[in-house]
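Structure assessment
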Amino acid sequence: MSNRSVEKLVHARAVTEGAGVTAHRTIGTPALPNLDPFLMLDHFGSDNPDEYIAGFPDHPHRGFITFTYMLDGHMLHQDSMGNKGDLKSGGAQWMKAASGVIHSEMPQQSAGLMRGFQLWINLPASEKMTAPAYQEFSPEAIPVSSGDGVTVKVLAGRYADVTGPIKDPHTDVQYLDVTLDGARTFTHTLYSNRQAFVYVFEGEATLEDYGLPKHTLAVLGTGDTVRISASGGGARFILVSGRPIGEPIEQYGPFVMNSQAEIQQAMADYRDGELVQRKATVTAA
Ligand code: FE2
């Protein structure tokens, strides 16, 4: 058994998204344009409504999956196929845009804390033009493993004997929200065939000899075990992994395809009102 170390640390960069929402981006910046199969990671977190109230009015996606995990707050999702999703503190949404979705994500609060993550997960070429799909899970539907001061919310994949409800059949994403209550160590088996990263959002943690400060993404190196520790102040982080796709990536804003010609087609389809081609399948719990 060998422990995974840190291959790269990427500090978050503030970006403005949607109609004026402030987010902290790590994957999808010049320092880390992508991390196959992941295309973007935004952490939004503010108790100032000016930084989130404008939300994300109607916008398109094609060629990948958006995975939203709401830590605090309340957002309403509505899409071109008539789906309505209520995202509340602790809930999650996995939306396979695939051949095309137009949706909005709008805050349902005018004060208080809004905090969460949006991760973009790429799709293999064979899935990019298939029908969209949508999975949404309430906070109660996400199982928790806890003991010895280590609490793990299992959104996707498996930890100990707990399996998360969100199924990601294309890149087998595993998504854990881990809280270390004081000086504790979290250990997890994670084989080298999976790309993996850690993002600390409360407290501070260490991995091997590396300090993991808040709002910094750590890309993990090869190995088959992850060990993350906190000192007395504790820490909270997400640990996410997935199978790399290994195909060319062409991205233009919300369209991610394999070639320039496919990007041109996506832009033409959007312009001509033909981006949305197929109905989504919906799973909610
Ligand atoms: Fe979106």
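Our structure is the block above this text.
Residues numbered from 1 in each chain as written. Predicted model: local features only at pLDDT ≥ 70, side-chain atom pairs only at ≥ 80, totals over all residues. Heavy atoms only, no water.

1. Considering the packing of aromatic side chains
Selection rule: Pairs were defined over the aromatic rings of Phe, Tyr and Trp, the Trp ring being its six-membered one, requiring ring centres within 6.5 Å. Orientation was assigned from the angle between planes: stacked under 30 degrees, edge-to-face over 60, tilted for the rest. Elements are defined by DSSP. Helices are runs of H or I of four residues or more, strands are runs of E of two residues or more, and each kind is numbered from the N terminus. Using a 1.4 Å probe on the protein chains alone, a residue whose accessible area is under 20% of its type maximum counts as buried, one over 50% counts as exposed, and one in between counts as partly exposed.
Under the defined criterion, the tally for this structure stands at 9 aromatic pairs. Ring geometry for F117 and F201: centres 5.3 Å apart, planes at 75 degrees, overall edge-to-face. Of the two residues, F117 sits in strand β11 (residues 114–122) while F201 sits in strand β19 (residues 195–207), which places them 84 residues apart along the sequence. When sorted by exposure, F117 lands in the same class as F201, which is buried. Centroid distance Y159 to F186: 5.5 Å. Interplanar angle 25 degrees. Geometry classified as stacked. Of this pair, Y159 sits in strand β15 (residues 158–159) while F186 sits in strand β18 (residues 185–189); the two residues are 27 residues apart in sequence, bridging distant segments of the chain. Of the aromatic side chains, those joined through ring pairs into one cluster are F67, Y69 and Y175.

2. Topic: the nonpolar core
Quick note on the threshold: Buried residues of nine kinds, namely Ala, Val, Leu, Ile, Met, Phe, Trp, Tyr and Cys, make up a nonpolar core once their side-chain atoms join them within 4.5 Å. Throughout, a contact is declared for two residues whenever any of their heavy atoms are within 4.5 Å.
Ranked by size, the top nonpolar core spans 32 residues in total, and within it F67, Y175 and F197 carry the most contacts. With 4 residues, the single largest contributor to this core is strand β6 (residues 64–72). The residues contacting F67, other than those within four sequence positions of it, are A92, Q93, W94, F117, Q118, L119, I121, L155, A156, I166 and Y175.

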